Amino acid sequence: MAFGLFKKKENTPAASNKTESRGPHYYDLAVKNIINETKDAITIVFEHPAEKVNYKSGQFLTLIIPIQGKEVRRAYSLCSSPFTDSDLAVTVKRVDKGLMSNWLPDNLKAGSKVKVMEPMGQFTTEFKTDNKRHLIMFAGGSGITPMMSIIKSTLTQEPNSICSLIYCNRDIDSIIFKDAFDQLQTTYEGRLHVIHVLDNAPMNWQGYSGLLNPEMLKKLFERIPEWGIDNSTYLMCGPEGMMKNVETLLEQHSIPKEKVFKESFVQGTIDKDSKAESAATDNELKTREVTIRYDGQEYKVSVPPNSTILETALDQGIDLPYSCQSGLCTACRGKALSGKVKLDEEEGLSQSERNEGYVLTCVGHPLTDDVVIEIG
Ligand SMILES: Cc1cc2nc3c(=O)[nH]c(=O)nc-3n(C[C@H](O)[C@H](O)[C@H](O)COP(=O)(O)OP(=O)(O)OC[C@H]3O[C@@H](n4cnc5c(N)ncnc54)[C@H](O)[C@@H]3O)c2cc1C
Ligand code: FES
């Protein structure tokens, strides 16, 4: 495939300057600045530490913060680009009653220190000057963050590539990075096309309004330049319903699945069938020993039926990489070299990854006595 360069298989974290210590690499980052993007979204700009943090556009940082006496971890995609930004930045949108997304804007200040885990994630691509591709992106709300990084990297690193972005928001005041996108469209005229779609548009709104349903999508696709040509890659990140509609329409247009890449921030609720099916295997669960190979070490953990492989390993003090703990981010991904593993949630893995034996330890349970998982 000539242009489908988005990664699905690589599992190595981006940081290459690991210390001698076992386990994932952590950094204490100093907050340089906090930018109010909208009434409910902030960008946290971190000073780049002396020890360089290597990352790829589309990857995320895991912020680790003690809140209410508990260590809380959440993933936030980097909106900065390693090619254009000297600092690291993430943008956080408040979630109603959400723990971390409200704690951060309410408590963080310039000068605060935040513990983060090394950048991770598969929603990324290699940038090459001779690439000639069209990235067609669909984002909703906070789902714009990885797209921002990928757009900045593409525009600056691939002079022959173009980006089209369909960005959906509740209302005009919820649009994150609106001015930055206006500026980028001017600077890179003809190479970035941003189409805003609002649920509730003001009277004088010139753009599109309404839900991103199949009819709306059809109209929008007609506005995308060179739509459907072979060098197009499709990226999406946003609410589950929006991504489902986009996937359905792409299927109807016979776009091959290998050209479609998805980043989920929240656990899905629509596809319950596969979960119901996997629940049928629950009676096969019993305490079984699992061998985990990670960072040159081999660990043996005895996983009880009511616990995941990751939970059991963490309880035993084994410092494994993880972030969302809900099967979305792939930070805990490993390859089952032998044995069978049941996953409570498969959203984070593509079909080809599953076929190759990849598993997510945070939602994984051993189904046989010979499970060996290699991480990293
Ligand atoms: C790979 C990855 C990258 C992410 N990048 C970003 C990012 O760049 N910016 C960002 O703001 N968030 C991002 N998230 C989501 C983020 O990790 C948290 O889930 C989010 O901030 C909510 O955390 P919380 O502690 O406030 O809510 P919690 O206390 O964990 O959850 C409260 C409730 O809200 C629901 N919920 C969680 N997230 C959302 C959401 N986005 N919309 C609606 N309901 C939700 C939960 O299911 C739960 O029911 C990312 C998630 C992943 C997996
Ligand atoms: S920790 Fe995110 S998928 Fe397992």
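Residues numbered from 1 in each chain as written. Chains lettered and ligands numbered in written order. Predicted model: local features only at pLDDT ≥ 70, side-chain atom pairs only at ≥ 80, totals over all residues. Heavy atoms only, no water.

1. A closer look at the site of ligand 1
Definition in use: We call a residue near a molecule or strand when any one of its heavy atoms sits within 4 Å of it. Any pair of N or O atoms that falls within 3.5 Å is considered a polar contact. Within protein, one atom must be able to donate a hydrogen and the other to accept it, and sequence-neighbouring residues count only if both atoms are side-chain atoms. The Shrake-Rupley method, run with a 1.4 Å probe sphere, supplies the accessible areas, and residue values consider only the shown protein chains as cover. Every helix listed is a DSSP run of H or I at least four residues long, and every strand listed is a run of E at least two residues long, numbered separately from the N terminus. Residue polarity is assigned by list, with Asp, Glu, Lys and Arg as charged and Ala, Val, Leu, Ile, Met, Phe, Trp, Tyr, Cys and Pro as nonpolar; anything else, Gly included, falls into the polar class. In this entry, domain limits derive from an automatic or database-based domain assignment.
Around ligand 1, the surrounding shell holds 20 residues, and the nearest of these are Arg 74, Ala 75, Tyr 76, Met 100 and Ser 101. A distance of 2.6 Å separates an oxygen atom of ligand 1 from a polar backbone atom of Ala 75. A distance of 2.9 Å separates an oxygen atom of ligand 1 from a polar atom in the backbone of Lys 93. Relative to its unbound accessible area of 920 Å², ligand 1 is 73% covered by the protein chains. A total of four residues in the shell around ligand 1 trace back to one element, the largest contributor, which is strand E4 (residues 70-77). Taken together, the residues that form the shell around ligand 1 break down as ten nonpolar, seven polar and three charged. Taken domain by domain, the makeup of the shell around ligand 1 includes at least three residues from each of domain 1 (26-120) and domain 2 (134-263).

2. Side note on unusual backbone geometry
Not every positive phi belongs to a glycine, and Asp 295 is a case in point at roughly 55 degrees. Relative to the helices and strands, Asp 295 resides in the loop between strand E13 (288-294) and strand E14 (297-303). A positive phi angle, near 55 degrees, is found at Gln 325, a position not held by glycine. Here Gln 325 lies in the loop between helix H7 (309-315) and strand E15 (333-338).

3. Focus on the packing of aromatic side chains
Where we set the bar: Geometry of aromatic contacts follows a simple scheme: Phe, Tyr and Trp rings, the Trp one being its six-membered ring, pair when their centres are within 6.5 Å, and the pair is stacked under 30 degrees between planes, edge-to-face over 60, tilted otherwise. Relative accessibility decides the category of a residue: with a 1.4 Å probe and only protein chains considered, values under 20% of the type maximum give buried, values over 50% give exposed, and everything between is partly exposed. Two limits define a charge over a ring: the Lys NZ or Arg CZ must be within 6 Å of the ring centre, and within 35 degrees of the ring normal.
Tallied over the entire structure, the rule returns three aromatic pairs. Ring centres of Phe 83 and Phe 127 lie 5.8 Å apart, and the angle between their planes is 80 degrees; this geometry places the pair in the edge-to-face category. Of this pair, Phe 83 sits in the loop between E4 and strand E5 (88-93) while Phe 127 sits in the loop between strand E6 (113-120) and strand E7 (134-140), and the two are 44 residues apart along the sequence. Relative accessible area serves as the criterion here: at 43%, Phe 83 is assigned to the partly exposed category. The aromatic ring of Tyr 322 is capped on one face by Arg 73, whose charged end is 3.8 Å from the ring centroid. Its end group placed over the ring of Tyr 26, Lys 115 keeps NZ or CZ at 4.6 Å from the ring centre.

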